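Each chain, letter by letter, is given below.
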Amino acid sequence: MPDTITETTSGTKFDLHAIQQALRENKIDGWLFYDHHHRDPLAYSILGLDPNAHVTRRWFYLVPAQGEPKKLVHRIEAGRLDTLPGTKSVYSSWQELESQLETLLTGQKRIAMQYSPRNAIMYVSMVDAGTIELLRSLGKEIVTSADLVSHFEAVLTDAQLATHYVAQKHIDEILSAAWSEIGTRARSNGTDEHAMVQYLQEAMARTGLDWEHGPNVSAGPNSADSHYEPTAANSRPIRKGDFVLIDIWAKLKDNPSAVWYDITWTGVVGREPTEREQLIFNTVRDARDASIKVVQDAFATNQPIAGWKADDASRNVIRAAGFADWFTHRTGHNIGTVLHGNGAHLDNLETHDERLLLPNTCFSVEPGLYFPGEFGIRSEIDMIARKGKAEVTGRIQTELVRI
């Protein structure tokens, strides 16, 4: 058999031994990767394939729990999987494809694919229903690869986790300075949302960070839109008396393996918070802290915890306070080399996320309450979980900022 760790065209490592070990631990006979026209970006990432390769025909790649992998490719794209270990079969007609696929899967009963029952975890549900139907007609049991994907996509190295802390230090300092800058400008000639976005972007650029788009500075009722993005054309002034939300995220520039840092804080300009603002902030803060605690308790006692359970911890606090209808998104998301990563999310609203929060993964905790026409409050921190311990990685907001 070829080496179990293979350097691939994308520069990543395809670790056959690790995948096969995970399959045996989960009592799965094999992991069947399938793609057509780049429908499954997860396959390209996990296998280390070129994400820009020209793919016009279906290919299959079987990693069995034991033995050598097997490839099935179209004759006119016969070299598509040549960077991967294993034997190769080819097809041209659909009849030949189905016959070759049946042969390829001989001895395989329980097969993982990028599939989710009822599309519950749509982030991994990449395989079309027709292909699932075909495989079931061959007597195969198709199970979700969701936890396998988390293991090979979301688990980070110590070197990667260190990049998160570098970004964290810079962003915490930049955000603190931005609150002071808003106050200075509001007391003189004033400012606006877009101007403060530019201020934050310039500060991040000076410290060697990349942010893709954003950040988000929302004033007054704009803070009630959880995905608001100010532009030069729609920017709202920021004046004394305003409520302000800042959502900022970044990672080290020119480092593909770097991990994001993503936080949200809120404050008031030139005044004390109203009683309602204080109530909503306290509710959101307590909801955030409830999720932090349930995650920390689980890791401290080496108990598995699924993403939906961490979401429930926040959501139950908000529900008990009577504000459930205004908490309109999941509690948190996986964070990796992409901002919204491929591991477990803290979610029992948009999805029932049964994926486990794994050691050496990073994720946000960010409950929020949004009142259209008034204001919105989100309090976002990041956590890194390790075996036996989970910790918040940056500063934790405990009171509304007074600007």
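Values in this document were obtained by computation on a predicted structure and should not be read as measured data. By convention here, each chain's residues receive numbers from 1 onward along its written sequence. In keeping with the predicted nature of the model, local features appear solely for residues at pLDDT of at least 70, side-chain atom pairs appear and are counted solely at 80 or more, and the whole-chain, interface and lining totals rest on all residues. Only hydrogens and water are set aside; all other atoms, that is, all heavy atoms of the structure, feed into the side-chain values.

Looking at the overall build of the protein chain
Just so we agree on the cut-off: Secondary structure is summarised from DSSP: a helix means a run of H or I of at least four residues, a strand means a run of E of at least two, and numbering begins at the N terminus for each. We take the radius of gyration over the C-alpha atoms and set the globule estimate at 2.2 Å times the residue count to the 0.38 power. Only the protein chains shown count as cover for residues, and all accessible areas are computed by the Shrake-Rupley method using a 1.4 Å probe. Charge counting treats Lys and Arg as positive and Asp and Glu as negative, with His and both chain ends excluded. Note on charges: their place is set at NZ of Lys, CZ of Arg, CG of Asp or CD of Glu.
Secondary structure summary: the protein chain contains nine helices and 21 strands in total. Taken against the 2.2 N^0.38 rule, which gives 22 Å for 403 residues, the C-alpha radius of gyration of the protein chain at 24 Å falls within 12% of a compact globule. Considering only C-alpha atoms, the protein chain reaches an extent of 75 × 40 × 35 Å along its principal axes. For the protein chain, the exposed surface amounts to about 17,300 Å²; the carbon and sulfur share of it is 49%. Within the protein chain, one finds 41 positive and 53 negative side-chain charges whose respective centroids are separated by 1 Å.

A look at the packing of helix 8 (residues 275–300) against helix 9 (residues 307–320)
For clarity, the threshold we go by: Fitting a line to C-alpha atoms yields each axis, with helices limited to the stretch in contact; the angle taken between N-to-C directions then spans 0 to 180 degrees. Here roughly perpendicular refers to angles of 65 to 115 degrees, roughly parallel to angles under 35, roughly antiparallel to angles over 145, and oblique to all remaining angles. Note on convention: the crossing is left-handed when the near helix lies turned anticlockwise from the far helix by less than a right angle, right-handed when the turn is clockwise. The contact rule is simple, with two residues in contact once any of their heavy atoms fall within 4.5 Å. Amino acid classes used here: Ala, Val, Leu, Ile, Met, Phe, Trp, Tyr, Cys and Pro are nonpolar; Asp, Glu, Lys and Arg are charged; the rest, including Gly, are polar.
Where helix 8 meets helix 9, the closest approach of the two axes is 8 Å, and the angle between their N-to-C directions is 150°. In terms of orientation, helix 8 lies roughly antiparallel with respect to helix 9. When the axes of helix 8 and helix 9 are compared, the crossing they make is right-handed. Judged by residue contacts, Thr 283, Asp 286, Ala 287, Arg 288, Ala 290, Ser 291, Val 294 and Val 295 of helix 8 engage Lys 309, Ala 310, Ala 313, Ser 314, Val 317 and Ile 318 from helix 9. When grouped by side-chain class, the residues that make up the contact of helix 8 with helix 9 number eight nonpolar, three polar and three charged.

Points about helix 8
The criterion, for reference: What a helix should span is 1.5 Å times the count of its residues minus one.
Spanning 26 residues, helix 8 covers 37 Å between terminal C-alpha atoms, matching the ideal 38 Å at 1.5 Å per step. Backbone geometry just after helix 8 places Asn 302 at a positive phi near 55°.

Some thoughts on the packing of helix 6 (residues 158–186) against helix 7 (residues 193–206)
Axis angle and axis distance: for two packed helices, these are the angle between their axes and the distance between the axes, and together they describe the pair. Running from N to C, helix 6 and helix 7 point in directions that differ by 145°, and their axes come no closer than 10 Å. Crossing hand, helix 6 versus helix 7: right-handed. Counting all contacts with helix 6, which are made through Ile 171, Ile 174, Ala 177, Ala 178, Glu 181, Ile 182 and Arg 185, the residues of helix 7 involved are Ala 195, Met 196, Tyr 199, Leu 200, Ala 203 and Met 204. Residue composition of the contact of helix 6 with helix 7, grouped by class: 11 nonpolar, no polar and two charged.

Here's the deal with the sheet that holds strand 3 (residues 30–35)
Applied cut-off: At least two bridges found by DSSP between two strands is the condition for calling them paired.
Strand order across the open sheet formed by six strands is 6-5-4-3-7-8, with mixed pairing between neighbours. A single partner strand is all that each edge strand has here, and the edge strands are strand 6 (87–91) and strand 8 (141–144). Averaged over neighbouring strand pairs, the angle between their axes works out to 25° when direction is ignored. By the bridge criterion, six bridges tie strand 3 to strand 4 (residues 59–64) in an arrangement that is antiparallel. Looking at strand 4, one finds that Asp 35 is bridged to Trp 59. Against the sheet, helix 3 (residues 94–104) engages strand 3, strand 4, strand 5 (70–74) and strand 6, with an angle of about 175° to strand 5. Sitting on the sheet, helix 4 (residues 129–137) touches strand 3, strand 4, strand 7 (110–113) and strand 8, and the angle it makes with strand 8 is about 135°.

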